[in-house]
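What the coordinates show
So you can see what is in the structure, the chains are spelled out below.
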Amino acid sequence: MAEQDKKTAYDAADNTTSKPRSKSEFKSAKLSAVKGMNDILPPDSASWEWLEGKVRSLMARYAFRNIRTPIVEPTALFVRSLGEVTDIVEKEMYSFEDRLNGEALTLRPECTAGVVRAVVEHSMLYEGGKRLYYMGPMFRHERPQRGRYRQFHQIGAEVLGFPGAEVDAELILLANALWKELGLTGVRLELNSLGQPAERLAHRAALIAHLEKHAELLDEDARRRLHSNPLRILDTKNPAMKEVVESAPRLLDFLGEASLAHFNTLRGILEANGIAYTINPRLVRGMDYYNLTVFEFVTDSLGSQGTICGGGRFDYLIEQIGGKPAPAVGWALGVERVLELVREHGHAPAALVPDVYAVIPDAQALPIAIKTLQSLREAGVSAQMHAASGEGMGSMKSQFKKADASGARYALVFGADELARSEVTIKSLREGGGEQTAQPLANLSAWAQTLQSNA
Ligand code: ATP
Ligand code: MG
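Basis of the calculations
Residues numbered from 1 in each chain as written. Chains lettered and ligands numbered in written order. Predicted model: local features only at pLDDT ≥ 70, side-chain atom pairs only at ≥ 80, totals over all residues. Heavy atoms only, no water. Helix = DSSP H or I, 4+ residues; strand = E, 2+ residues; numbered from the N terminus. Buried < 20%, exposed > 50% of the residue type's maximum accessible area, 1.4 Å probe, protein only. Areas by Shrake-Rupley, 256 points an atom, 1.4 Å probe, with all protein chains shown as cover. Lys, Arg positive; Asp, Glu negative; His and termini not counted. Charge placed at Lys NZ, Arg CZ, Asp CG, Glu CD. Near = heavy atom within 4 Å. Polar contact = N/O pair within 3.5 Å; in protein donor to acceptor, adjacent residues only side chain to side chain. Nonpolar A, V, L, I, M, F, W, Y, C, P; charged D, E, K, R; others polar. Salt bridge = Lys/Arg side-chain N within 4 Å of Asp/Glu carboxyl O. Pairing = 2+ DSSP bridges. Arc of directions from axis to C-beta. Contact = heavy atoms within 4.5 Å. Core = buried A, V, L, I, M, F, W, Y, C linked by side-chain atoms within 4.5 Å. Domains from an automatic or database assignment. Phe/Tyr/Trp six-rings, centres within 6.5 Å; stacked < 30°, edge-to-face > 60°. Axes fitted to C-alpha atoms, helices over the stretch in contact; angles between N-to-C directions. Parallel < 35°, antiparallel > 145°, perpendicular 65-115°, else oblique.

For the protein, the count of helices and strands is 18 helices and 16 strands. Counting only residues that meet the buried cut, the protein has 47% of its 455 residues in that class. In the form shown here, the protein has an accessible surface area of approximately 22,900 Å², with 52% of it arising from carbon and sulfur atoms. Of the charged side chains in the protein, 53 are positive and 57 negative, and the gap between their average positions amounts to 2 Å.

If you want it as structure tokens, here you go:
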């Protein structure tokens, strides 16, 4: 059965939404956003820009460079990299056939596969390792709930071409620095090692034996995966399986010397840098491409969607996608969850407001007002123009009401009398307000400078 033909319980629950198919149905359909996909509107979008700005400046300080890959990729890329027997590939991908050439395409459910594809396609590791970061929307057909959407956003960091535990540590230090920048506290780091493929094979046999012993406790997914991908069972979100998962053999007990050394080096660096962590031997992550280090940053304050960031090593993925073998490690954070946490901590930035609002009593003053605002904007001032010429500019009272509502610090009044003297009136709208001065138009850029330095 083709992936996109598979129906899950989630799909059944979705049948309440209309799915127009014919031309006339398309014409009459009520248009709203797709379920689980959100509009990000002002003033909330300001916190998104704030976060993105913090990330850009932090990434620059860690010498990471930005990469932007397409949102649509060949379906085969995800099937091959994430693993066929994973939640994402089995039931969460938005896959479709290109109507024009029949290509099998998928809206990216994550970005590591695309980054690795791009790195291979452009031989980016030719002259050495790379530190890359990305931001953007991802798509998974999950049941929408708090902290879980069908279009959601990730920011991710990947280091490609370096095998050592010091880059695992560097990535964790980077994420930790971001939590600090954002004012987040109470974010815990959980750490595990998945070892190497041969070690996992030995563990796999023990794991299957354990799960078979408790077959009656396994849910449908787990039974199906018992022989195809038993490790995935440890990633279950089904509380009924908690006990059987907790008592399962631990991968950590199957690690050889080299894997243990990698793990211990990482732990040593984290400890030397004051990064607290707990070892979670059940942590396996949702994709098949990981080996050695895996980690998650979790919080208790977001309900059951408490993982804000997850990552690990994927030393075999580059080769799997057709590149020359090279090691890699990375993480991805969920922007919606991180921002919800930011809001909870009360650190979200203040809503954006303009510095000045131009009150224009008569449309005749529009040309000079427009020119003046342009020069203020060039000087770095944020200026909003009262725009209502079609309705006759509106009374001074209603214009001042709008000026107040804009949150601007000052109203610039382009009244006929003032303009006749080549002046504008500047009225303070905040901190008591009411204060009023006349400024020569020629002086406004000097005034704008005092505004900047008082900001
Ligand atoms: P979860 O266990 O919560 O399903 P995951 O292991 O599937 O997460 P990853 O694929 O590792 O998540 O993605 C990294 C981060 O992206 C997650 O830690 C989470 O913060 C965020 N994330 C993943 N799926 C969603 C979603 N559907 N909606 C919102 N954020 C998401
Ligand atoms: Mg998931």
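Attention now moves to the site of ligand 1. Taken together, 16 residues form the shell around ligand 1, and within it Arg-140, Glu-142, Arg-148, Lys-237 and Arg-285 come nearest. Arg-337 places a side-chain nitrogen or oxygen 3.0 Å from an oxygen atom of ligand 1. When isolated, ligand 1 has an accessible area of 590 Å², and the protein chains bury 93% of it. Elements represented by at least two residues in the shell around ligand 1 include exactly β6 (151-160), β10 (307-313) and β11 (328-334). When grouped by side-chain class, the residues that make up the shell around ligand 1 number six nonpolar, four polar and six charged.

Turning our eyes to something else, we now look at the pattern of salt bridges. Counted by the stated rule, this structure contains 23 salt bridges. Between Lys-130 and Glu-127 there is a salt bridge, with the nearest N and O atoms lying 3.8 Å from each other. Overall, the relative accessible area of 23% leaves Lys-130 in the partly exposed class. With its nearest N and O atoms 2.7 Å apart, the salt bridge here joins Glu-340 to Arg-146. Here the residue Glu-340 occupies a position in helix α14 (residues 335-344), and Arg-146 occupies one in the loop between β5 (130-139) and β6, the gap between them amounting to 194 residues. Here Glu-340 falls in the buried class, since its relative accessible area comes to 19%. The structure contains a network of salt bridges with shared partners spanning Asp-87, Glu-90, Lys-91, Asp-221, Arg-224 and Arg-225.

Moving on, we come to the pairing of β5. Among the ten residues in β5, seven count as buried, and that is most of the element. Bridge count for strand β1 (residues 65-66) against β5 is two bridges, and the pairing is parallel. In the sheet register, Asn-66 faces β5, and the bridge partner there is Tyr-133. Inspection of the sheet shows β5 paired to β6 by ten bridges, in the antiparallel sense. Counterpart to Leu-132 in the pairing with β6 is Glu-158.

A separate point is the environment of Glu-378. Of note, Glu-378 is situated in helix α15 (residues 366-378). Along the chain, Glu-378 and Ser-445 lie 67 residues apart, while their C-alpha atoms are 9.3 Å from each other.

So, about helix α4 (residues 75-82). All buried positions along α4 are accounted for by Thr-75, Leu-77, Phe-78, Ser-81 and Leu-82. In a view along the axis of α4, the buried residues occupy a sector of 160°, so they form one face of it. Against β2 (72-74), α5 (87-92), β3 (94-97), β4 (104-107), α6 (112-121) and α13 (317-320) lie the buried residues of α4. Looking one or two residues past α4, Gly-83 carries a phi angle of roughly 105°, positive in sign.

Looking at where Thr-293 falls in the secondary structure, it is placed in strand β9 (residues 291-298). Side-chain polar atoms of Thr-293 contact the side chain of Asp-168, separated by 2.6 Å. Residues within four places of Thr-293 in sequence aside, it is in contact with Asp-168, Leu-191, Asn-192, Ser-193, His-262, Leu-266, Gly-311, Gly-312 and Arg-313.

The next point concerns the nonpolar core. Judged by nonpolar contacts, the single largest core of 46 residues is most densely connected at Val-115, Leu-160 and Phe-314. Per-element accounting of this core gives the leading share, five residues, to α6. Leave out the neighbours within four places in its chain, and Val-115 touches Ile-67, Thr-69, Leu-132, Tyr-134, Glu-158 and Leu-160.

Once the domains are mapped, the protein shows domain 1 (44-195 + 255-344) and domain 2 (356-451). On a C-alpha basis, the centroid separation for the pair domain 1 and domain 2 is 48 Å.

Moving on, we get to the environment of Leu-234. In this fold, Leu-234 is placed in the loop between α10 (230-233) and α11 (242-246). For Leu-234, a relative accessible area of 8% puts it in the buried group. Separated by 58 residues in sequence, Leu-234 and Asn-176 have C-alpha atoms that sit 26 Å apart. If sequence neighbours within four positions are ignored, Leu-234 has contacts with His-203, Leu-207, Val-245, Ala-248, Arg-282 and Val-284.

Before going further, it helps to spend a moment on the packing of aromatic side chains. Working definition: an aromatic ring pair is given by the centre-to-centre distance plus the angle between the planes. Taken as a whole, this structure holds five aromatic pairs when the rule is applied. Judged by centre distance (5.3 Å) and plane angle (75°), the ring pair of Tyr-410 and Trp-447 falls under edge-to-face. Of this pair, Tyr-410 sits in strand β14 (residues 410-413) while Trp-447 sits in helix α18 (residues 444-454); the two residues are 37 residues apart in sequence, bridging distant segments of the chain. The rings of Trp-179, Phe-295 and Phe-297 are connected pair by pair, giving a single aromatic cluster.

This next bit is on the packing of helix α3 (residues 45-61) against α14. Viewed as axis vectors pointing N to C, α3 and α14 meet at an angle of 105°, and their least axial separation amounts to 11 Å. Between α3 and α14, the angle falls in the class roughly perpendicular. Along its contact with α3, which presents Ser-47, Trp-48, Trp-50 and Leu-51, the element α14 presents Val-335, Glu-336, Leu-339, Val-342 and Arg-343. Tallied by class, residues from the contact of α3 with α14 come to six nonpolar, one polar and two charged.

Moving on: α6. Within α6, eight of the ten residues are buried, leaving the element largely enclosed by the surrounding structure. All buried positions along α6 are accounted for by Thr-112, Ala-113, Gly-114, Val-115, Val-116, Arg-117, Ala-118 and Val-119.

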